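Report on the structure
Residues per chain, in single letters:
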Protein chains: 4
Amino acid sequence: MTGPQDWPEAQWRGLVDRVGTGRRLVPDWPGGARCALALSFDCDHETFALGAGETAVGPLAWGAFGRRVGVPRILDTLARHGARATFFYPAVSALIDPEEPRRVVAAGHEIGVHGWIHERNDTLTEDEERTLLARSRDTLAEIAGTEIVGHRAAHWDLSPHTVRLVAEAGFLYDSSLMADEDPYEVLLEGRASGLVELPVDWVRDDAVYLLFSRQPTRPTHTPEQVFEVFRAELDGAHATGGLCQIVMHPFVVGYRSRIAILERLLQHAARLGGVHIGTHAEIARLCQARIGA
Amino acid sequence: MTGPQDWPEAQWRGLVDRVGTGRRLVPDWPGGARCALALSFDCDHETFALGAGETAVGPLAWGAFGRRVGVPRILDTLARHGARATFFYPAVSALIDPEEPRRVVAAGHEIGVHGWIHERNDTLTEDEERTLLARSRDTLAEIAGTEIVGHRAAHWDLSPHTVRLVAEAGFLYDSSLMADEDPYEVLLEGRASGLVELPVDWVRDDAVYLLFSRQPTRPTHTPEQVFEVFRAELDGAHATGGLCQIVMHPFVVGYRSRIAILERLLQHAARLGGVHIGTHAEIARLCQARIGA
Amino acid sequence: MTGPQDWPEAQWRGLVDRVGTGRRLVPDWPGGARCALALSFDCDHETFALGAGETAVGPLAWGAFGRRVGVPRILDTLARHGARATFFYPAVSALIDPEEPRRVVAAGHEIGVHGWIHERNDTLTEDEERTLLARSRDTLAEIAGTEIVGHRAAHWDLSPHTVRLVAEAGFLYDSSLMADEDPYEVLLEGRASGLVELPVDWVRDDAVYLLFSRQPTRPTHTPEQVFEVFRAELDGAHATGGLCQIVMHPFVVGYRSRIAILERLLQHAARLGGVHIGTHAEIARLCQARIGA
Amino acid sequence: MTGPQDWPEAQWRGLVDRVGTGRRLVPDWPGGARCALALSFDCDHETFALGAGETAVGPLAWGAFGRRVGVPRILDTLARHGARATFFYPAVSALIDPEEPRRVVAAGHEIGVHGWIHERNDTLTEDEERTLLARSRDTLAEIAGTEIVGHRAAHWDLSPHTVRLVAEAGFLYDSSLMADEDPYEVLLEGRASGLVELPVDWVRDDAVYLLFSRQPTRPTHTPEQVFEVFRAELDGAHATGGLCQIVMHPFVVGYRSRIAILERLLQHAARLGGVHIGTHAEIARLCQARIGA
């Protein structure tokens, strides 16, 4: 039988080098802060179902919870702590209620691209992917009246073309890869791309622990346990002077029993001291300045 | 390849608007209470297996546990706390032992419709669904000698027709959707329906954490952990003045090691103070009065 | 589409009545004890893999752990507490090393039938099932030199014939069903069978929480959490005067980090006081005496 | 239907005896220590994806995390505690960055074979398996400039030939089987092989609890819970004078929130006292000396 053990060296090296990791980019954090905390909220709402081809009434109502209950509660929590964050939107999610992303921007937060309808990139041709990326960005920019500089792939699912297309489209940063905890410059076929990666990870994603699902089985953790993991990630960033990047979802963390994860993380950051809380765009700009340094 | 990213706007808007969320309906709670707690018990018993086409001896005996052990233990616990609740019955489950729903009603609780044999609505034609809904309701009414005003879909599984059929049949409320924590008026194709939704959620369902299953893998939580989640949900309702709606199952929560979830939740409600505990029907009537307000 | 909702009443009633629950059988426990604790160990060892048609080296070595490490450690723990228990054996597991069941019996414990090679009963014809049941029982009796009076189906998987065949073969008790926590008389087609059921449950099975498996995903609980569940089950039996029946497996609980579940449960029983710890056979005899009462 | 219940005795005995367990080999631990702790790190990195035929950008970046963040952090932690350990490498993983295994060896640790590209042994012919085993070992030896004496099968997946091929190739030890907690001599078709087994187990593998996966669903445990399991395993080895063997992965345990598992285990070992921490090779040599004893 033929399998990966029969691949010639050029094949596996080519795969490994397609999207690589360049310089680690840890800037001096503003105001002499010891570390940074970048909070993000993926506002999939109804598109979590729609993008998977799921059109039943129940899952769509569940997605609407994120819109009706989750986002307002998150905005309120962030406002009480004076914290700014980044909200990633599938364009269709923004179109369903354009007032929501406008309120997000008006509150001082960033919005970024998260696909057209939360579709999987690896089901698209390169041309389709390029077209949807531009259309999604233009749609968000028009709705919110701001420049859009950040990209996160739906499902963190990357085609062989995604990262290159994001770089070619002139995005400041991507936030879909996991090769580090701290920001780094993306390499494409071994060459510096100028694109900043603000890495995500399953470890720092609320949905991994809490999003209800039959397959995979979830939730597996209590809100208290998720807070403890996020807290330890922030403590580690504080100890090393790096970045703690967290991913949450309004229809996951936006419940009465779970919003304490965000609330307590912000309290913990305040207690630690020296934690710079900024949008992904702001942090990516600080990192980008390091590329030329 | 064609996928959701190719759907025209009318398609995704139509799907999102089929069953929508209208006014939030939070009444003044009786007796000046700060919030409300609505407890429900889905009495699937043997129909949990039967409705899935599972006829083996073992799963049927397991369902019988809910009938033989679970319901009596739950009734006893509720009685000691003077708490009234709602028991949703697939009609066949009520027919297997009609004395059980009669005892439930005699103890001051409400019974509601939960399908004919715990079948999935999305496997039925609209006519079959209409017929089964009426037959289930009539069967329960006849057995228990009471009016039946509440509906919960088995598996919270809704066909495109379910909610409309429930509204057309003149039910007071549905309790199968998740678009909010607090009650709201259901919109059908964007128009007010008069139907009150008392929202459920995976977060507040004992089966999500505790129902034994090979696929999905469960239990994933200890009884103590489930209590902590439910307690936090109630605390949140108390803080915001809203409704805390909980779903339990006699063959899930009815064990010696798990009944403490219910017991402790009732103790916690008493300790909090200002928690109105009522049947779904009573709470839905208070909400319905707000529609005209 | 035709589904369970179309079944005539005779069909679902027939299924529900095939194996039913008769009188609850709670005897006066010996020595004036308040409740009883029946510990069982399913000694599948290598047959856990073999019976599933799995013949790879790794799973067979893992099964051997139960034999080489698990059983000796369990016997040692029981001996230190002077506790007697029941060990259920697939016949092939006993044949692989006949000295093991002999040592178990010599230490004062009971052995019972657990299939021929841990096969699934629902894959057999009625004749095959009858033949294997007799052959398994005879094999164990010959190896151990004792009468075999107890039966537990492998996987708790029951064909439509299993319980009747067990009754016809003159077994004193079965321990594979879940319709109660306390012992009861099995009904066959609505008629008393004389067979005592000592009910098992997923809630009181170490494998549900701890047996490594890719599908279903396990372990999901820590040993400490499993102990807390078992402890609460025993506390409940103590409060109600009933039976607490527990299922464990040498290749699940027999690890250094897990044997504390058994150790602490025995300590807790001693601390509670009034807990009669006996073999399943002994307890079933007390229950059987109640049938005539 | 024909199934395992129809297999003749020679068939199931043959399967059980193919790879058996010989003498338990517990040496006198060096320096009068009471027990031993053998830590291992499987450095799959990108080959975890590649060996499964997974070539997408995201999983490869995730594997790179182990290389970029995990291994350096593990080496730092071990160095602060003066602990030596064993790092198992798929050859391709070592080829992607040969400096990494060289740094590992330079720090006093052992490296061992873990397949060519993390391929499954049971997909190979005996000849392919023999060839890949030799090529992997030669590749590692050449890169690191050391003798390679230890073998661990990728996925702990063993063909019917694997253990014999490992013995024939003159390895000192294998570490892929689970028939005991303490080391033992492997039997092949009932005959002593001279090969030492240092048993692994799912119970003592970080990936079982923490490796993100959709199917099987993970993580299921918090880092704190995993530490408690490992601690109890070490306590048990301390109580019995045996070996505690642990498996970790740089892309599982190497996160800021998880490295505490390793850190605290080393602290706990120091606190216990009498814990000899050595490489697998060193411990296997002590065990091998017992074979002749």
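The structure reproduced in this document is the subject of the present report. (Residues numbered from 1 in each chain as written. Chains lettered and ligands numbered in written order. Predicted model: local features only at pLDDT ≥ 70, side-chain atom pairs only at ≥ 80, totals over all residues. Heavy atoms only, no water.)

1. Let's talk about the overall build of chain A
Note the cut-off: In this text, helices come from DSSP runs of H or I with a minimum length of four residues, and strands from runs of E with a minimum of two, each type numbered from the N-terminal end. Radius of gyration: over C-alpha atoms. The globule rule applied is 2.2 Å multiplied by the number of residues raised to the 0.38 power. Should any heavy atoms of two residues lie within 4.5 Å, those residues are considered in contact. Residue exposure ignores everything except the shown protein chains as possible cover, and the areas themselves are Shrake-Rupley values with a 1.4 Å probe. The sign given to each residue is positive for Lys and Arg and negative for Asp and Glu; His and the chain ends receive no count. Where a charge lies is defined by one atom per residue type, namely NZ (Lys), CZ (Arg), CG (Asp) and CD (Glu).
Across its full length, chain A holds 12 helices and 10 strands. The C-alpha radius of gyration computed for chain A amounts to 19 Å, which stays within 12% of the reference 19 Å derived for 293 residues, consistent with globular compactness. By its C-alpha atoms, chain A is 55 × 50 × 45 Å across when sized along the principal axes. For chain A, the share of sequence-separated contacts (at least 6 apart) that also reach a separation of at least 24 residues comes to 75%. In the form shown here, chain A has an accessible surface area of approximately 9,300 Å², with 51% of it arising from carbon and sulfur atoms. Charge centroids of chain A, computed over 29 positive and 40 negative side chains, lie 5 Å from each other.

2. Considerations on the packing of helix H3 (residues 57–81) of chain D against helix H11 (residues 259–272) of chain D
Helix-helix packing is characterised by the crossing angle of the two axes and by the distance between the axes. Residue and element names in this part refer to chain D. To keep it simple, the criterion reads: Axis lines are fitted to C-alpha atoms, over the contacting stretch for helices. Their N-to-C directions set the angle, which ranges from 0 to 180 degrees. Each angle gets one of four labels, with under 35 degrees taken as roughly parallel, over 145 as roughly antiparallel, 65 to 115 as roughly perpendicular, and the rest as oblique. Less than a right angle of anticlockwise turn of the near helix away from the far helix marks a crossing as left-handed, whereas a clockwise turn marks it as right-handed.
Put simply, H3 and H11 touch, their axes get as near as 10 Å, and they point 15° apart. Classed by the angle they form, the pair H3 and H11 counts as roughly parallel. In this structure, H3 meets H11 at a crossing whose hand is right-handed. Here Arg-73, Ile-74, Thr-77, Leu-78, Arg-80 and His-81 of H3 come into contact with H11, specifically with Ile-259, Leu-262, Glu-263, Leu-266 and Gln-267.

3. Some words on the relation of the copies chain D and chain A
Put simply, the second copy of the chain is the first one after a rotation about an axis and a shift along it. Under the convention used in this document: Least-squares superposition of the copies uses the C-alpha atoms of those residues scoring a pLDDT of at least 70 in each of them.
Of the transformation superimposing chain D on chain A, the axial component is 0.0 Å and the angular component is 90°, with the fit at an RMSD of 0.0 Å. Expressed as an axis order, the relation between the two copies is that of a four-fold axis. Looking at chain D, a mere 15% of its interface residues are interface residues in chain A too, so the copies touch through different faces.

4. Observations concerning the interface of chain D and chain A
Heads up, the condition is: Two parts placed together each lose some accessible area under a 1.4 Å probe, and the buried area is that loss summed for both. Between N or O atoms, a polar contact is any pair within 3.5 Å; within protein, one atom must be a potential hydrogen donor and the other a potential acceptor, and residues adjacent in sequence are included only when both atoms are from side chains. Each residue is assigned to one class: nonpolar for Ala, Val, Leu, Ile, Met, Phe, Trp, Tyr, Cys and Pro, charged for Asp, Glu, Lys and Arg, and polar for all the others, Gly among them.
Chain D puts 41 residues into the contact, and the matching count from chain A is 47 residues. The junction of chain D with chain A conceals about 3,700 Å² of combined surface from both sides, 60% of it contributed by carbon and sulfur atoms. On the chain D side of the interface with chain A, the three residues burying the most area are Val57(D), Arg68(D) and Arg256(D), jointly 24% of the side's total. In this assembly, chain D and chain A are joined by 16 residue pairs in polar contact (both at pLDDT 80 or more). Of all the secondary-structure elements, those providing two or more residues to the side of chain D that touches chain A are H3, helix H4 (91–96), helix H6 (126–144) and helix H9 (223–240) of chain D. When the residues that make up the side of chain D that touches chain A are grouped by side-chain class, the tally is 19 nonpolar, 13 polar and nine charged.

5. Section: helix H11 (residues 259–272) of chain B
All names here are of chain B. Cut-off, in case you're wondering: Each residue after the first adds 1.5 Å to the expected span of a helix. Here's how the labels work: a residue is buried when its accessible area is under 20% of the maximum for its type, exposed when over 50%, partly exposed in between, all with a 1.4 Å probe on protein chains only.
The terminal C-alpha atoms of H11, which comprises 14 residues, lie 20 Å apart, in line with the 20 Å expected from a rise of 1.5 Å per residue. By the burial criterion, the buried members of H11 are Ile-259, Ile-261, Leu-262, Glu-263, Leu-265, Leu-266, His-268 and Ala-269. Just past H11, the residue Gly-273 takes up positive phi, approximately 80°.

6. Quick look at the packing of helix H9 (residues 223–240) of chain A against helix H11 (residues 259–272) of chain A
Residue and element names in this part refer to chain A. Viewed as axis vectors pointing N to C, H9 and H11 meet at an angle of 30°, and their least axial separation amounts to 10 Å. For the element pair H9 / H11, the angle class is roughly parallel. The hand of the H9/H11 crossing is right-handed. The segment H9 lies against H11, with Pro-223, Glu-224, Val-226, Phe-227, Glu-228, Phe-230, Arg-231, Leu-234, Asp-235 and His-238 engaging Ile-261, Arg-264, Leu-265, His-268, Ala-269 and Leu-272. Taken together, the residues of the contact of H9 with H11 break down into nine nonpolar, two polar and five charged.

7. Remarks on the arrangement of the chains
There is a clear gap between chain A and chain C: no contact, and 8 Å between their nearest C-alpha atoms. Between chain B and chain D there is no contact, and the shortest C-alpha to C-alpha separation is 8 Å.

8. Concerning the environment of Thr123(D)
Residue and element names in this part refer to chain D. Tracing the sequence through the fold places Thr-123 in the loop between strand E4 (110–113) and H6. Considering only alpha carbons, one finds Thr-123 and Ser-159, 36 residues apart in sequence, at a separation of 8.1 Å. From its side chain, Thr-123 meets the backbone oxygen of Arg-120 in a polar contact 2.7 Å long.

9. Here we look at the interface of chain C and chain B
Convention followed: Between Lys or Arg on one side and Asp or Glu on the other, a salt bridge is scored when a side-chain nitrogen of the former is within 4 Å of a carboxyl oxygen of the latter.
Contact residues are listed per partner, giving 47 residues for chain C and 41 residues for chain B. For the chain C and chain B pair, buried surface summed over both sides reaches about 3,700 Å², with 59% attributable to carbon and sulfur atoms. Interface area lost by chain C to chain B is led by Gln5(C), Trp12(C) and Glu181(C), which between them contribute 18%. Viewed at the interface, chain B and chain C are joined by four salt bridges. Put simply, Asp180(C) and Arg68(B) hold a salt bridge, and the shortest N to O gap is 2.8 Å. Applying the counting rule to chain C against chain B returns 16 residue pairs in polar contact (both at pLDDT 80 or more). Secondary-structure elements contributing two or more residues to the side of chain C that touches chain B are helix H1 (9–17), strand E1 (19–24), helix H8 (206–210), helix H9 (223–240) and strand E9 (243–248) of chain C. Sorting elements by how many residues they give to the side of chain C that touches chain B places H9(C) first, with seven residues. In terms of residue class, the side of chain C that touches chain B is made up of 23 nonpolar, 13 polar and 11 charged.

10. Some points on the side chain of Arg204(C)
Summarising the element assignment, Arg204(C) is placed in the loop between strand E8 (191–197) and H8. Relative accessible area serves as the criterion here: at 1%, Arg204(C) is assigned to the buried category. Setting aside its immediate chain neighbours within four residues, Arg204(C) contacts Tyr255(B), Glu181(C), Pro199(C), Phe230(C), Glu233(C), Cys244(C), Gln245(C), Ile246(C) and Val247(C).

11. Side note on the packing of aromatic side chains
Quick reminder of the rule: What counts as a ring pair is set by centres within 6.5 Å for rings of Phe, Tyr and Trp (its six-membered ring), and what kind of pair is set by the plane angle: stacked under 30 degrees, edge-to-face over 60, tilted for all other angles. Remark: a charge is flagged as sitting over a ring if the NZ atom of Lys or the CZ atom of Arg is within 6 Å of the ring centre and within 35 degrees of the ring normal.
Within this structure, the stated rule accounts for 28 aromatic pairs over all chains. Pairing Phe212(C) with Trp202(D) gives two aromatic rings, centres 3.8 Å apart and planes at 10°, and the pair type is stacked. Placement of the pair is Phe212(C) in the loop between H8 and H9 and Trp202(D) in the loop between strand E8 (191–197) and helix H8 (206–210), with the two residues belonging to separate chains. Pair check on accessibility: Phe212(C) and Trp202(D) agree, each one buried. The structure contains a cluster of three or more aromatic residues connected by ring pairs, namely Phe48(A), Trp62(A), Phe212(A), Phe251(A), Trp156(B) and Trp202(B). Its end group placed over the ring of Tyr184(B), Arg68(A) keeps NZ or CZ at 5.2 Å from the ring centre. The ring of Trp116(A) has Arg135(A) sitting right over it, with the charged end atom 4.6 Å from the ring centre.

12. Thoughts on helix H3 (residues 57–81) of chain A
Residues and elements named next belong to chain A. Using the following cut-off: A residue's bend is simply the angle between two axes: one fitted to the seven residues ending at it, one to the seven starting at it.
An ideal rise of 1.5 Å per residue puts 36 Å on 25 residues; H3 measures up with 36 Å between its terminal C-alpha atoms. If you look at H3, its biggest bend is around 40°, right at Gly-70, and the proline Pro-72 turns up within four residues after that. The element H3 is largely enclosed, with a buried count of 18 among its 25 residues. Count one or two residues on from H3 and you reach Gly-82, which has phi positive near 60°.

13. As for the relation of the copies chain C and chain B
After a rotation of 90° and a shift along the axis of 0.0 Å, chain C superposes on chain B with an RMSD of 0.0 Å. Comparing interface residues between copies, only 13% of those in chain C also lie at the interface in chain B; the contact surfaces differ.

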